[in-house]
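# Structural features, examined
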Amino acid sequence: MRKFGWLGVAALALAMGGAAQAETVKIGVVLPFSGANADLGHQIDKAFDLYVKLHAKDIAPHKVEIIKRDEGPPTGAQAKTVTTELITNDKVQLVTGFVFSPSAIALAPVITQAKVPMVIANAGTAWITNLSPYIVRLSFSMWHPAYPMGAYAHDKIGCKTAALAYTDFPPGKDSTEAFKTGFEKAGGKVTEAIPMGSPVQVPDFTPFFQRIKDAKPDCMYVFIPSGAHATGVMKAYGELGMRKAGIKLIGPMDLIPDNKLQDMGDAAIGTIVMGHYAVDLNNAENKAFNDAWHKEYGKDSYPDFMSAAGWDTMHAIFDAIKKLNGNLSDGAKVVEAMKGWSADGPRGHVMIDPATRDIVQDEHAIEVYRKPDGKLGERILGTTKAVKDECKALKVGRCGS
Amino acid sequence: MAASETIGTSRTEARERAAEYLVGRHRFRLAEALPWLAAIGVYFIFPERMTFGSQVLVMVMFALSLDLILGYAGIVTLGHAAFFGMGAYTVGLAAARLGWSEPISGLFAAAIVAGLVGFITGWFLLRYRGLTLLMLTLATAIMLQETGNLRSDISGGYDGLPGLTFKPLLGVFEYDLYGHTYYLYVLAVLVVVFYIVRRIVYSPFGQALTGIRENVRRMHAIGSPVHGRLVTVYTIAAAIAGVAGALFTQTNAYVTLTVFDFDNSAKVMVMLILGGTGRLYGAFVGATVYMVLEDYFSKLSPTFWQFGIGLMLVLAVLFTPRGVLGVFESIGKYFSERKKL
Amino acid sequence: MPHFAIIAVSILFDGLAYAMFLFITSVGLSVTMGLMGFVNLAHGAFAMAGGYIVVTLTRTLGVGFVPSLVIAAVIVGAVSVAFERGLYRRLYKSTDLEQVLLTIGLAFMAIATATYFYGPIPKSVPLPDWLQGDVNLGFRNFPSYRAFLIVLGAALIAVLWYAFERTNIGARIRAAVDNRRMAESVGINVDRLFTLTFAVGSGLAALGGGLAIQLLGLSPSFAVLYLVLFLIVVAVGGLGSLKGTLLAALVLGVFDTAGKYLLADAGGFFVYAVTVAVLLVKPAGFYGRE
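For clarity, every value in this text was computed on a predicted model and none was experimentally measured.

This part is about the overall build of chain A. A count of helical and extended segments in chain A gives 13 helices and 14 strands. Against the compact-globule benchmark of 21 Å for 401 residues, chain A has a radius of gyration of 22 Å, which places it among compact chains. Referenced to the eigenvectors of the C-alpha coordinate spread, the extents of chain A come out at roughly 90 × 50 × 35 Å. Across the 401 residues that make up chain A, the buried fraction comes to 63%. Within chain A, contacts between residues separated by at least 24 positions form 72% of all contacts whose residues are at least 6 apart in sequence.

Structural data, given as structure tokens:
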């Protein structure tokens, strides 16, 4: 036995030498922690923290060191300063987060020059991924939910005419344009498009909705930024009795964020949205995700589609760390490692399209209904699998460049 | 010694001192070199914070332009961001739509456009004062922003004009990731702008402005062309704010409609009041203190930093009523009084 | 009823409800600025505080919505006295700019505090049944909540008008707004008067904040997001004038609603265009003093 003792030691030494050195991967998280959109930042941040907490052992012996900075207002300037310093001063190997499109847009030249990957957990303007080869997006583009909704609304919901109402800023225009493209392709007719004020303040939606109510389309496609606007929309819709008047409310899932759904009351019942995530989505990953979320954050706190995207973002990052053995110093290699990445997450099966570095995910038609236990729930009416960003596929406008 | 002789001597002495004061006001004092030395010092001591440093200098220039009208002419406005925005968009649109990307000529263009807008709006609005002027200037800035959003096909709306590239400065100096070049560029422009502002302030024109601020009726009574003077200084201040905006676009290589935000106008005013109005250097102190503290608090607590800033503002008002510079002045006065004894 | 008449009535009704909210929340600011010349930019924070108190009362303590509004108004009114006595009083002789700085600082602190206690997610309140649903007025249904706003607003206006025009205190306030020195010299204790009006104004702001939850939503940024709107109402109405604030609220509320309905493209424009138009012609607002 003793004879082979040294063999054991030698084997152990070899094994340890062959194993990677324990690396600490520095990750910069840039999200709006303060200001009018802080709740969006926090939804994603909670998902990040939860994933890191539960999966830290997966990348052992490596560790991640997360440095958080406030993205600031959606001007892009603060995000740019803060992220540039994360790269130059804190020497992060990867930056992630980014709720606002202007932030990501402002940073594209910086990360290209610095060769640091930017993994987007939210910002949804379609052509962002074209701006730099170092951008990977795990969240969505406005076209992901809106384009399939166009065909679905016409074919399955039976909307022959639709009115569009949107907050007057680029995501609103993108989303309604995407819907219109899909809807008209399927044979529907858009009656009017009403801009509803700036994204900064929640306006009184009543005048806009009243006008649509008077025009009597079959359906009303509404896009508003996630957050306080959604509640306002539902209130106005309910108060004006639009469902009774025969006008169905449809839109992307920003319309019924999971963490505000319970407050929306009866007005929300019957709303159909196209989304890639719902708390009630029936898959194993999502159940585990929800359980872990409630355990950590309480039973009154709900994840939403941004949290789900945040979760998958961290998952993709962790898988890249495993693949590259903790060595994320070459940004191009990190991006290569993430191209074609696929996994099952709370959203179902997701994949990063190697050609565009954008997400490919299932889009579900989701309807709000009242569950037997009295709470509001969402049920899946139908699923379009593996939806790509049609804007880039069809090369519409800026997506074509 | 007869009492009248004593009085006569002190009266002449007083006159002499007054004359000396008036004549000597514009001479450069040693203390004035401090902020510039500090700015250059920052370049060497904190080379990793140049990106942030450039933004601070841009804000200093913006605050300086506000000081001209707020501190010296006494015009209180909530729409100064309009000129910042016009300058920012002049450079942005020139680069994005016209392919004009030479930085220094961009500054001139921005100054002219912003100054023009300042002249036109000033001509109409400067007949009003107080709350009325505040609301009118505020409404102007917002309406400019809304117009930009109406034609978001041109302006890029709130997603802005991305990926602006600018030719190297003077054909030689490139923009780099660490922002070194641009820091010195902004500092150089600030020096030029400051010199201009200083000359204005210590000129007879500047004196007239102070007169208008202190006692408008008197100025009218002595026949001073009050409205003309106000419009002139408003135009100049607008032009300078435009240059600040242009630098903002150049240093960020990006601009969105948020440059016209009310937040922007409010913030620069807060910075100026914090530093001290009507003293030129108040802009330096206020902008630097505010932005450094905002950055510091924001790193300390990304969620609750506003509490720190709010508390600082409250304490500043309670204990430094004439701005941070006011504190320095009090200290200076204290020591000079003691010297006299 | 002809189509355009129905539209007109709709716009008027919605505009009126919105105007009531504007009036209730802004009247305090107008009287404060007119009476004491004090620029209180923390006014939005007082409204926000009222809103959050209503949230706590209704959601955590199960108090009804309407009683919560009253309680919130009383609490904020009482607390505002402490602010006035302890902090604001020191700055009556200060310049406008210093008051701006102080009150903005307070507003920032309020936002951070609200974020700390309530989190950044917007809140809503459970409404009693009679406030949900609609009221049928024959040719069209109107949301009950908005009808409630109009009725409440009208009642408050009546009470305030009576207090202002017909009571002793009201007369004293009007005197102090007109000419403070003169009022003091005839023995009116202007300081105490101001504390009273400040408390009432802040209480009304809190009421407005509570009402706003259903209308606009409540989040920690409320304190500054709508401040500009209140300032516009005050400026257009004229400082220190009840009538002015009411008229301004009506005009702005109806024009904003009409603009959004008829010309959504330029929606936000209207409020500012109306403001500019009024102020160019009547710089001190509808009923302000030059």
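Our focus in this paragraph is the overall build of chain B. Counting secondary structure elements, chain B contains 15 helices and zero strands. Against the compact-globule benchmark of 20 Å for 341 residues, chain B has a radius of gyration of 22 Å, which places it among compact chains. C-alpha atoms of chain B, sized along the principal axes, occupy 85 × 45 × 45 Å. The proportion of buried residues among the 341 residues of chain B is 53%.

With that settled, consider the interface of chain C and chain B. At the interface, 29 residues of chain C touch 28 residues of chain B. At the level of elements, helix 4 (96-118), helix 10 (227-237) and helix 12 (269-281) of chain C are the ones that each hand at least two residues to the side of chain C that touches chain B. The dominant element in the side of chain C that touches chain B, judged by the number of residues it contributes, is helix 4 of chain C, at 14 residues. Partitioned by chemical class, the residues of the side of chain C that touches chain B number 21 nonpolar, six polar and two charged.

For the rest of this paragraph, the subject is the sheet that holds strand 3 (residues 94-97) of chain A. Each strand in a sheet pairs with another by means of backbone hydrogen bonds, the pair being arranged parallel or else antiparallel. All names here are of chain A. An order of 2-1-3-4-5 is seen for the five strands of this open sheet, with the pairing classed as parallel. Looking at which strands have only one partner, the edges of the open sheet turn out to be strand 2 (63-70) and strand 5 (135-137). Ignoring which end each strand starts from, the neighbouring axes of this sheet average 25° apart. Those strands touched by helix 2 (residues 38-55) are strand 1 (24-31), strand 2 and strand 3, and its axis lies near 160° from that of strand 1. Contacts from helix 4 (residues 101-114) reach strand 1, strand 4 (118-120) and strand 5, with the element oriented near 160° to strand 4.

Glancing now at the confidence of the model for chain A. Residues and elements named next belong to chain A. On average, residues of chain A carry a pLDDT of 89, and 95% of them reach 70 or more. Taken together, the stretch residues 4-10 has pLDDT below 50 and engages in zero contacts with residues farther than four places along the chain or on a different chain. Long-range and interchain partners of residues 13-18, a stretch whose pLDDT sits below 50, account for zero contacts in this model, where long-range means more than four residues apart.

Taken together, the contacts link 29 residues of chain A with 29 residues of chain C. Of the residues that constitute the side of chain A that touches chain C, the class distribution is 10 nonpolar, 12 polar and seven charged.

In low-pLDDT regions, the fine details of the predicted coordinates are not to be read closely. On average, residues of chain B carry a pLDDT of 87, and 95% of them reach 70 or more. For this predicted complex, the interface score ipTM comes out at 0.87, while the overall pTM is 0.87.

Given a rise of 1.5 Å per residue, 22 residues ought to cover 32 Å, and the 31 Å separating the end C-alpha atoms of helix 3 (residues 65-86) of chain C matches this to within 8%. Buried residues along helix 3 of chain C sit in contact with helix 2 (43-60) and helix 8 (190-216) of chain C.

The next thing to look at is the nonpolar core. Formed by 349 residues in total, the largest nonpolar core has its most connected members in A:Met220, B:Val60, B:Met61, B:Ala63, B:Val243, C:Ala107 and C:Ala110. Examining the composition of this core, we find that 17 residues originate from one element, helix 1 (residues 3-36) of chain C, more than from any other. Built from parts of two domains, this core gets at least three residues from each of domain 1 (22-140 + 283-357) and domain 2 (143-275 + 362-389) of chain A.

The description of two helices packed together rests on the angle between their axes and the distance between the axes. Residues and elements named next belong to chain C. Their axes nearest at 10 Å, the elements helix 10 and helix 12 cross at an angle of 25°. Judged by the inter-axis angle, helix 10 sits roughly parallel to helix 12. Handedness of the helix 10/helix 12 crossing: left-handed. Side by side, helix 10 and helix 12 meet where Ile 232, Ala 235 and Val 236 of the first sit next to Val 271, Thr 275, Val 278 and Leu 279 of the second. Within the contact of helix 10 with helix 12, the residues separate by chemical class into six nonpolar, one polar and no charged.

Definitions and cut-offs
- Numbering of residues starts from 1 in each chain and follows the order in which that chain's sequence is written.
- Chain A is the first chain written and ligand 1 is the first ligand written, with later ones labelled in order.
- Totals for whole chains, interfaces and linings use every residue, but because this is a predicted model, local features are given only for residues with pLDDT of at least 70 and side-chain atom pairs only at 80 or more, for both listing and counting.
- Secondary structure counts use DSSP, requiring at least four H or I residues in a row for a helix and at least two E residues in a row for a strand, with both numbered from the N terminus.
- Radius of gyration here is computed from C-alpha atoms only, and the compact-globule reference equals 2.2 Å multiplied by the residue count raised to the power 0.38.
- Three exposure classes are used, based on other C-beta atoms lying within 10 Å of a residue's own C-beta, which is placed from the backbone: buried for 20 or more, exposed for 12 or fewer, and partly exposed in between.
- Whether two residues are in contact is decided by their C-beta atoms, placed from the backbone, lying within 7 Å.
- Charged residues are taken to be Asp, Glu, Lys and Arg, nonpolar residues to be Ala, Val, Leu, Ile, Met, Phe, Trp, Tyr, Cys and Pro, and polar residues to be all remaining types, Gly included.
- Strands qualify as paired when DSSP identifies two bridges or more between them.
- Helix axes use the C-alpha atoms of the stretch in contact, all axes being lines fitted to C-alpha atoms, and the angles between their N-to-C directions lie in the range 0 to 180 degrees.
- pLDDT measures how confident the predictor is about each residue, on a scale from 0 to 100.
- Each residue after the first adds 1.5 Å to the expected span of a helix.
- The term nonpolar core refers to a group of buried residues, namely Ala, Val, Leu, Ile, Met, Phe, Trp, Tyr and Cys, whose C-beta atoms join them within 7 Å.
- An automatic or database domain assignment supplies the residue ranges for each domain.
- Throughout this description, any angle smaller than 35 degrees is read as roughly parallel, any larger than 145 degrees as roughly antiparallel, any in the 65 to 115 degree range as roughly perpendicular, and the remainder as oblique.
- For any pair of crossing helices, the crossing counts as left-handed if the nearer helix is rotated counterclockwise from the farther one by less than a right angle, and right-handed if it is rotated clockwise.

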